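Topology and contacts: notes
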Amino acid sequence: MTVLVTGATGNVGRLVVRRLHDAGLPVRAMTRTSLHPDLPRAVEVVHGDLAFPDTLTDALRGVDRLYLFPVPGAASEVVRRAVEAGVRRIVTLSSAAVTGGYDTDFHLPVEQAVESSGVEWTHVRPGEFALNKLWLWGPSIRTGNIVRDPEPEAAWYPTHEADIADVAVAALLGDGHAGTAHTFGGPELISHREQVEAISRALGREIRFEVVTPEEAREHYRAQGGFAADNADMLLGFTDYSGGDADADTWAEAAEPTGPDGAPATASEVTGRPARTFAEWARDHADDFR
């Protein structure tokens, strides 16, 4: 059994590669940016770009299981080529926003292409990535030990990317996941202020929380560039996936369905291990905040 991991240098993909490698399985890591990624030396690395299916021939050769990073534009053709190459199980990295009906043009088309392929499929639908806070708050913490945010008491269930990888690997290797969409979040409801406090403890230094207006936060994130600039409007509640007006908390709650107690499912329902807390995530990323 050979597993192809696309998006293998991404925040989740690289963890999927390492877990498969550590399990002693033949794993092939596909990357479009580098043939020398930070992956175990024994892992076979191939070049390929999901946006250009013609580049996938070598990557797909001899593969029977596929971890699929979401690239919607060419998803149908990518899946068709994968099936023709012999892939019999596909696990997609998706989003809880699909479950809530907010994501109709990015992750959903990839899911639909996989479901119509005729092979075993599983969708991994995490909610809010804890990593969002590294991308949003990291620059100001590194340069000034400060977080500027309009909603200190806003709270949700941020998810450690390691839990996302664990669910994906369970679906790639285990039985009982076919035809299932695993939708889950982190194990605790934690406010923005509490998240900053957890990061502060992980760093061993004080981080000041400055409450600003949503408009001020948007300008701050736009000035940072990258993820913060690209997602400022959506994350601050100015727009939702469909382009309309939305409240950020309402969007988050609708995008990530909850159980009878108001909390979303966690990775533990799939992995059998406790889901990682935000404090654990902060400790794991302390050096990134430095």
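The coordinates are above.
Here's a quick rundown of the structure. (Residues numbered from 1 in each chain as written. Predicted model: local features only at pLDDT ≥ 70, side-chain atom pairs only at ≥ 80, totals over all residues. Heavy atoms only, no water.)

Burial analysis of strand β5 (residues 89-93) places five of its five residues in the buried class, the great majority of the element. Judged from the four bridges that link them, strand β4 (residues 65-68) and β5 form a sheet pairing that is parallel. Pairing of Y67 across the sheet is with V91, part of β5. Once you follow β4 into helix α3 (residues 75-85) and on to β5, the crossover reads as right-handed. Both β5 and strand β6 (residues 120-126) contribute to a ladder of five bridges, which runs parallel. (Buried < 20%, exposed > 50% of the residue type's maximum accessible area, 1.4 Å probe, protein only. Helix = DSSP H or I, 4+ residues; strand = E, 2+ residues; numbered from the N terminus. Pairing = 2+ DSSP bridges. Right-handed = clockwise from strand over helix to strand, strands pointing away.)

For E206, the position within the fold is in the loop between α8 (192-203) and β11 (208-211). In the structure, E206 is positioned 73 residues away from A279 in sequence and 15 Å away in space, judged by C-alpha atoms. Apart from residues no more than four positions distant in its own chain, E206 is found in contact with N145 and S200. (Contact = heavy atoms within 4.5 Å.)

Look at helix α6 (residues 131-144) against α8: their axes get within 13 Å of each other, and the N-to-C directions meet at 60 degrees. Judged by the angle between their axes, α6 and α8 are oblique. Of the two possible hands of crossing, α6 and α8 adopt the one that is right-handed. Contacts from K133, W137 and I141 in α6 reach H192, Q195, V196, I199 and L203 in α8. (Axes fitted to C-alpha atoms, helices over the stretch in contact; angles between N-to-C directions. Parallel < 35°, antiparallel > 145°, perpendicular 65-115°, else oblique. Left-handed = near helix turned anticlockwise from the far one by under 90°.)

Once that is clear, we can look at the nonpolar core. Among the nonpolar cores identified, the biggest contains 27 residues, and W137, I141, I199, Y221 and W281 are the most heavily contacted of them. Those elements that provide at least two residues to this core are α6, α8, α9 (214-224), α10 (226-235), α13 (278-284) and α14 (286-289). Excluding residues within four positions of it along the chain, W137 makes contact with V147, D149, H192, Q195, V196, I199 and Y221. One finds V27, A29, A162 and A165 within the second-largest nonpolar core, a separate group that totals 26 residues. (Core = buried A, V, L, I, M, F, W, Y, C linked by side-chain atoms within 4.5 Å.)

Ordered by their spatial adjacency, seven strands build an open sheet running β3-β2-β1-β4-β5-β6-β9, and the pairing between neighbours is parallel. In this open sheet, the two strands that pair with only one neighbour each are β3 (44-47) and β9 (180-184). For this sheet, the mean angle separating the axes of adjacent strands, direction not counted, is 20 degrees. Here three bridges tie strand β1 (residues 3-5) to strand β2 (residues 27-31), and the two strands are oriented parallel to one another.

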